[in-house]
Amino acid sequence: MPESNVTNILVVGIGGQGVMTATEILAEAAIALGHDVKKTEVAGMAQRGGVVSSHLRFGPKVLSPQIMPGTADLLVAFEAAEGLRWCHYLKPGGLVLMNTAQIVPPVVDLGLYDYPPDPIAEIRAKGYRIHAFDAMKIALELGDVRLGNTVMLGAMADHLPFPADVLLEAIVKRFRARKPQMVELNQKAFEAGRTAEKAAAHAKETETA
Amino acid sequence: MPASNPSRLFLSGNEAVARAVWESGCKVAAAYPGTPSTEMLEVISTYPEIYSEWSVNEKVALEVAIGAAFAGSRAFCAMKHVGMNVASDALMTLTLTGVIGGLVIAIADDVGLSSSQNEQDSRFWGRFAHLPVFEPADSQEAYEMTKLAFDFSEQHQVPVILRMTTRINHVKGLVSVGTRAEHPNLGGFKKDPARWVMTPAGAGRRIPLMFERDVALAAAAEVSPLNSVESGRDRRVGFVASGPTYMHVKESFPDAPVLKLGFSCPVPVEKIRTFAATVDKLIVVEEVEPLVEKELKAAGIACHGKDLLPKQGELAPNVLRPAIAKLLGEPAPEHLAPPAPVFPRPPTMCVACPHLGVYYTLSQIKNITISGDIGCYTLGAGHPWNALDTTISMGASMGIALGLDKGRGEADKDKRILAVIGDSTFLHMGMQGLLDIVYNRGNVTVLLLDNRAVGMTGGQPDPGSGRDIHGEPAPRVDFAKLVEALGVKKERIHVVDPYQLPVLFKAIREEIKIPEVSVIITDQPCVLIDDYKKQKPYEVLDAKCTGCGNCIEVGCPAIHVVRREKAIKPSGKEVELQFVRIETSVCTGCGLCVQPCAPDAIVPADPSKPIRLVKH
Ligand code: SF4
Ligand code: SF4
């Protein structure tokens, strides 16, 4: 029933992490390729530390902006527990790309709830594939925590139905227009994310082999 | 690689409306910020050809737009659904006068409650006020319908309501846009008291004209290209859908016939009757209320609707498909993996928010009842403060506090009544409530939390900011003088720094004892606006932290528990110790958490050490 030629990508995280910007750049890449694109998120109170989920759908023609549970091609989680919260949106056997950094909300600090002890294992137990690495650490090593979303875009680069260069070009274009001094650093962050994701994928394979 | 066409832009519904308002030659636009409508005016304010403003409330915003339309210019006003409750007083008379220049009123219904105190269906305003309602289904339509709405408004001399929902306002899609065309002023304001002065006699003469207009509008809806039939091969069910539900229906049932309502009020009953005859079963898919469904049933057209579909929330494919499968006697779509149980992540106040200290203080005071208000203040109802007892609507904390005072029974005899309100909400609707408390000699302590912005929607300016919509300097209201002018005694007005906990605590403790109205104004900017100045961060000295957890009670999201331990007190009671750290990368050094820390374990962060980030 759903148009099978539509690609569904769900990007999730916490307000302030750049989830919406990352999805916007992804959308720009899809637009550059001539796709019809729709993007939506629930962001009303996102600035107040709430959950942000950004839905991106592209293909020849997109109707509903929302990805239905069980149909996402790719889930990109900017935070570990958020990966677990949203993984049921993936189609069976779908892939999660995860930043392993954990952002603990006040309700957990107050002892009202527990942070899931091992989100990665839980996601695997549900039958999804997962490539996880610490994007926050990579961003910090490059000198700016705000590079985290570009690192995550780099991780996505080889899992999209178009070449990685198209995505990198969308990033470069955006920064050239807004913050030209940040272009080079973002290119580095993109490559670092790409490399880290490959290593995570490889580690996973050797572990299961 | 084909380059994307420059006249196709990737716009949210709000951005698309703003673009269309500009292209339509609109002259005046006004709004009060409110999710999910805020971005319409934010974008419009970037067009120099349009006078734009943040008004103090939606009623004033609508009045400004009405005035401009009376003067023959095109005008626009935007609000969220609850805003129309405020503006409706003007609306219900506007419908009698009508307009000269085109007037479009965009109302954003927060279907799904992303950040609102209720879920309401603004199409009812169309019916209540006898006004046409247009309902776009995506950004392209939001753009096109806004342009059509200006033309239609002038043609019928009637304001047009553009009903949007969160999934239109905040969805981005590709929009083919045009260019701005200057629209001439339609001859200036023409004196015509019989039309513009709605005395009872004047209004009485205009009502029959409104009924005449109803007939014309109904005829227009029947033939409008905005209401179109799309045939489909599978005629077992046919759908009537409007707004985002149209896209969801097309996605879920690509082969079914659909009558798409873009001009949904008045309901084009005959067009739907004809369509209904071509399908086995008719299903009306409408988000929130069964408004069209009831009209169809009243007209004798058999249909399904809310018997199958929820009356609350969005009608996305995951809701539609199982509901319709049931009707068709088909098995429900395959069972999907259930969501994992993960802790909730409710919105929290920002790190170093000036309200943290206020709610922390309130949570320490016993025997009080606190009426709360809309905005970031509502977050005070959450953990760890649990400091609000009521929240109804914007500005309502004032009147409700007075009611709690006057209506108190024996059980509440000794309770102190407090009302909390923000600067923007106070100017929006709170002033009159305070005046009422003063006038009627209420015993209420009012906390007016002035953070110089509309915080919840992203820090937009208000008359307390000293800035206008463009960020330009503007006169700044003096709250102490204002409340004094409303009749609060000078000695009962205190301006305090909300980061000085002992001062704040003392002011509240003293004022609640005095059996008359007091106003305590806190005066520190919202951390989201430029006026907020960060200071050097703090850190926790592990060796000194006793695990008392006092600092956690402040509720700053930069404070995290690293370790919990059970300990036995000398009294034999078991307590849980919570050892903390501060996320130095986000701490702004506001100093709030330092104050309840008895062993002085929180100290300025050592700049030689690398900053700590989240747990890895
Ligand atoms: S937006 Fe401003 S007022 Fe609202 S929680 Fe954040 S700092 Fe406080
Ligand atoms: S000083 Fe304390 S309360 Fe203030 S921002 Fe830093 S951690 Fe939060």
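In this text the structure is predicted, and so the values were computed from the model without any measurement. (Residues numbered from 1 in each chain as written. Chains lettered and ligands numbered in written order. Predicted model: local features only at pLDDT ≥ 70, side-chain atom pairs only at ≥ 80, totals over all residues. Heavy atoms only, no water.)

### Some remarks on the overall build of chain B
Counting its regular elements, chain B contains 18 helices and 22 strands. The principal-axis extents of the C-alpha atoms in chain B amount to approximately 80 × 65 × 60 Å. In chain B, the share of contacts with a sequence separation of at least 24, taken over all contacts with a separation of at least 6, comes to 75%. Only carbon and sulfur atoms are counted for the fraction: they give 56% of the accessible area of chain B, which is about 24,800 Å². Of the side-chain charges in chain B, 64 are positive and 70 negative, and the distance between the mean point of each set is 3 Å. (Helix = DSSP H or I, 4+ residues; strand = E, 2+ residues; numbered from the N terminus. Contact = heavy atoms within 4.5 Å. Areas by Shrake-Rupley, 256 points an atom, 1.4 Å probe, with all protein chains shown as cover. Lys, Arg positive; Asp, Glu negative; His and termini not counted. Charge placed at Lys NZ, Arg CZ, Asp CG, Glu CD.)

### Points about the interface of chain A and chain B
In many analyses, interface size is given as the accessible surface area lost on bringing the parts together. Each partner contributes residues to the interface: chain A has 61 residues there, and chain B has 58 residues. Each partner contributes to the roughly 5,400 Å² buried at the junction of chain A and chain B, and carbon and sulfur atoms together form 63% of this total. Across the contact surface, chain A and chain B share five salt bridges. Notably, a salt bridge pairs B:Arg345 with A:Glu82, separated by 2.6 Å at the nearest N-O pair. There are 17 residue pairs in polar contact (both at pLDDT 80 or more) connecting chain A and chain B. Within the residue set of the side of chain A that touches chain B, elements represented by two or more residues are α1 (19–32), β2 (36–42), β3 (51–59), α2 (80–86), α3 (106–109) and α5 (135–141) of chain A. Broken down by class, the residue content of the side of chain A that touches chain B amounts to 33 nonpolar, 12 polar and 16 charged. (Buried area = accessible area lost by both parts, 1.4 Å probe. Salt bridge = Lys/Arg side-chain N within 4 Å of Asp/Glu carboxyl O. Polar contact = N/O pair within 3.5 Å; in protein donor to acceptor, adjacent residues only side chain to side chain. Nonpolar A, V, L, I, M, F, W, Y, C, P; charged D, E, K, R; others polar.)

### What about the packing of aromatic side chains?
Following the criterion strictly, the structure yields 13 aromatic pairs over all chains and no others. Taking the centre distance of 4.9 Å and the plane angle of 10 degrees together, the rings of B:Trp22 and B:Tyr47 count as stacked. On the criterion of sequence distance, the pair formed by B:Trp22 in helix α1 (residues 13–23) and B:Tyr47 in the loop between α2 (39–44) and β3 (51–54) is long-range, its members being 25 residues apart. In this structure, B:Trp22 and B:Tyr47 share a single accessibility class: buried. Grouped by ring-pair contacts, the aromatic residues B:Phe70, B:Phe189 and B:Trp196 constitute a single cluster. In this arrangement the basic side chain of A:Arg85 is found over the ring face of B:Phe343, its NZ or CZ atom lying 5.5 Å from the centre. (Phe/Tyr/Trp six-rings, centres within 6.5 Å; stacked < 30°, edge-to-face > 60°. Buried < 20%, exposed > 50% of the residue type's maximum accessible area, 1.4 Å probe, protein only. Lys NZ or Arg CZ within 6 Å of the ring centre and 35° of its normal.)

### Regarding the site of ligand 2
Looking at ligand 2, there are 14 residues lining it, with B:Cys556, B:Cys587, B:Cys590, B:Gly591 and B:Cys593 nearest. Residue classes in the shell around ligand 2 are distributed as 11 nonpolar, three polar and no charged. (Near = heavy atom within 4 Å.)

### Some words on the pattern of salt bridges
According to the stated counting rule, one finds 49 salt bridges over all chains in the structure shown. A:Lys91 serves as the salt-bridge partner of A:Asp73, at 2.6 Å between the closest nitrogen and oxygen. Of this pair, A:Asp73 sits in strand β4 (residues 72–77) while A:Lys91 sits in strand β5 (residues 90–99), and the two are 18 residues apart along the sequence. Owing to a relative accessible area of 27%, A:Asp73 belongs among the partly exposed residues under this scheme. Residues B:Glu154 and B:Arg74 are paired through a salt bridge, measuring 2.8 Å at the closest nitrogen-oxygen approach. In this pair, B:Glu154 sits in helix α6 (residues 139–156) while B:Arg74 sits in the loop between α3 (58–70) and β4 (75–80), placing the two residues 80 residues apart along the sequence. Counted as one network, the salt bridges with shared partners bring together B:Asp109, B:Asp121, B:Arg123, B:Glu135, B:Arg163 and B:Glu286.

### Side note on the pairing of strand β1 (residues 7–14) of chain A
Residue and element names in this part refer to chain A. Judged by how many residues are buried, β1 sits mostly within the fold: eight of eight residues are covered. Residue alternation in β1 divides its side chains into two sets, Thr7, Ile9, Val11 and Gly13 and Asn8, Leu10, Val12 and Ile14, and both sets are buried. Note that β1 and β3 share eight bridges and pair antiparallel. Within the sheet, the bridge partner assigned to Val12 lies in β3 and is Ser53. Where β1 and β4 come together, four bridges link them in parallel fashion. Within β4, the position partnered with Val12 by the bridge is Ala77. (Pairing = 2+ DSSP bridges.)

### Remarks on helix α11 (residues 269–276) of chain B
Residues and elements named next belong to chain B. Turning to α11, its buried residues are Val269, Ile272, Phe275 and Ala276. Along the axis of α11, the buried residues cluster in a sector spanning 125 degrees; they form a single face. For α11, the secondary structure elements touched by its buried residues are α9 (200–223), β9 (227–230), β10 (237–242), β11 (258–261), β13 (281–285) and α12 (291–298). (Arc of directions from axis to C-beta.)

### A short note on the environment of B:Ile374
Residue and element names in this part refer to chain B. Residue position: Ile374 is located in the loop between β14 (368–371) and α15 (396–406). Residue Ile374 is classed as buried on the basis of its relative accessible area of 15%. If we skip the residues at most four places from it in the chain, Ile374 touches Gln117, Thr391, Ile392, Ser393, Met394 and Thr425.

### What about the confidence of the model for chain A?
In this model, chain A carries a mean pLDDT of 91, and residues with pLDDT of at least 70 account for 93%. Of all the helices and strands in chain A, helix α8 (residues 183–208) of chain A carries the lowest mean pLDDT, 88, while β4(A) carries the highest, 98. (pLDDT = per-residue confidence, 0-100.)

### Some remarks on the sheet that holds β14(B)
Residues and elements named next belong to chain B. Spatial ordering of the open sheet is given by β14-β15-β16-β18-β17, a layout of five strands whose pairing is parallel. On the outer flanks of this sheet lie β14 and β17 (493–496), each paired with one strand and no other. The average angle at which neighbouring strand axes cross in this sheet is 20 degrees, direction not considered. Note: strand β15 (residues 416–422) against strand β16 (residues 445–450), five bridges, orientation parallel. Counted as the bridge partner of Val420 is Leu447 from β16. Contacts from helix α14 (residues 355–364) reach β14, β15, β16 and β18 (518–523), with the element oriented near 160 degrees to β16. Relative to the sheet, helix α16 (residues 423–439) contacts β15, β16 and β18, its axis offset from that of β15 by approximately 145 degrees. (Axes fitted to C-alpha atoms, helices over the stretch in contact; angles between N-to-C directions.)

### Things to note about the environment of B:Leu592
Residue and element names in this part refer to chain B. Structurally, Leu592 is set in the loop between β21 (574–582) and β22 (602–604). For the pair Leu592 and Ile324, spaced 268 residues apart in the sequence, the C-alpha separation amounts to 55 Å. Contact partners of Leu592, with chain neighbours within four places excluded, come to Cys353, Leu356, Gly357, Pro498, Tyr499, Leu501 and Val554.

### A word on the nonpolar core
In this structure, B:Phe76 and B:Ile105 are the most contacted members of the largest nonpolar core, which totals 67 residues. With 56 residues, the next largest nonpolar core counts B:Ala352, B:Met456, B:Val496 and B:Cys590 among its residues. (Core = buried A, V, L, I, M, F, W, Y, C linked by side-chain atoms within 4.5 Å.)

### Side note on the sheet that holds β3(B)
The seven strands lie next to each other as β3-β2-β4-β5-β7-β6-β12 (chain B), forming an open sheet whose pairing is mixed. Among the strands making up the open sheet, the edge pair consists of β3 and β12 (263–265) of chain B.

### Quick word on the site of ligand 1
Every residue close to ligand 1 is listed here: A:Arg48, B:Met349, B:Cys350, B:Cys353, B:His355, B:Cys376, B:Asn451, B:Gly455, B:Cys526, B:Val527 and B:Leu528. The site occupied by ligand 1 is bordered by residues of chains A and B. Per-class residue counts for the shell around ligand 1 are seven nonpolar, three polar and one charged.

### Some words on the side chain of B:Thr146
Residues and elements named next belong to chain B. Inspection of the secondary structure assignment puts Thr146 in helix α6. Of the polar contacts made by the side chain of Thr146, one reaches the backbone oxygen of Ala142; its length is 2.5 Å. Residue contacts for Thr146: discarding those within four places in its chain leaves Val17, Ala20, Val21, Val104, Glu141 and Leu162.

### Quick notes on helix α7 (residues 164–178) of chain A
In this model α7(A) runs 22 Å from its N-terminal to its C-terminal C-alpha over 15 residues, within 8% of the 21 Å that 1.5 Å per residue would give. Of all the positions in α7(A), only A:Ala164, A:Val166, A:Leu167, A:Leu168, A:Ala170, A:Ile171, A:Val172, A:Arg174 and A:Phe175 are classed as buried. (Expected span 1.5 Å × (residues − 1).)

### A short note on the side chain of B:Ser252
Residue and element names in this part refer to chain B. Along the chain, the position of Ser252 falls in helix α10 (residues 244–252). Judged by relative accessible area, which is 0%, Ser252 ranks as buried. A polar contact is formed between the side chain of Ser252 and the backbone oxygen of His248, at a distance of 2.7 Å.

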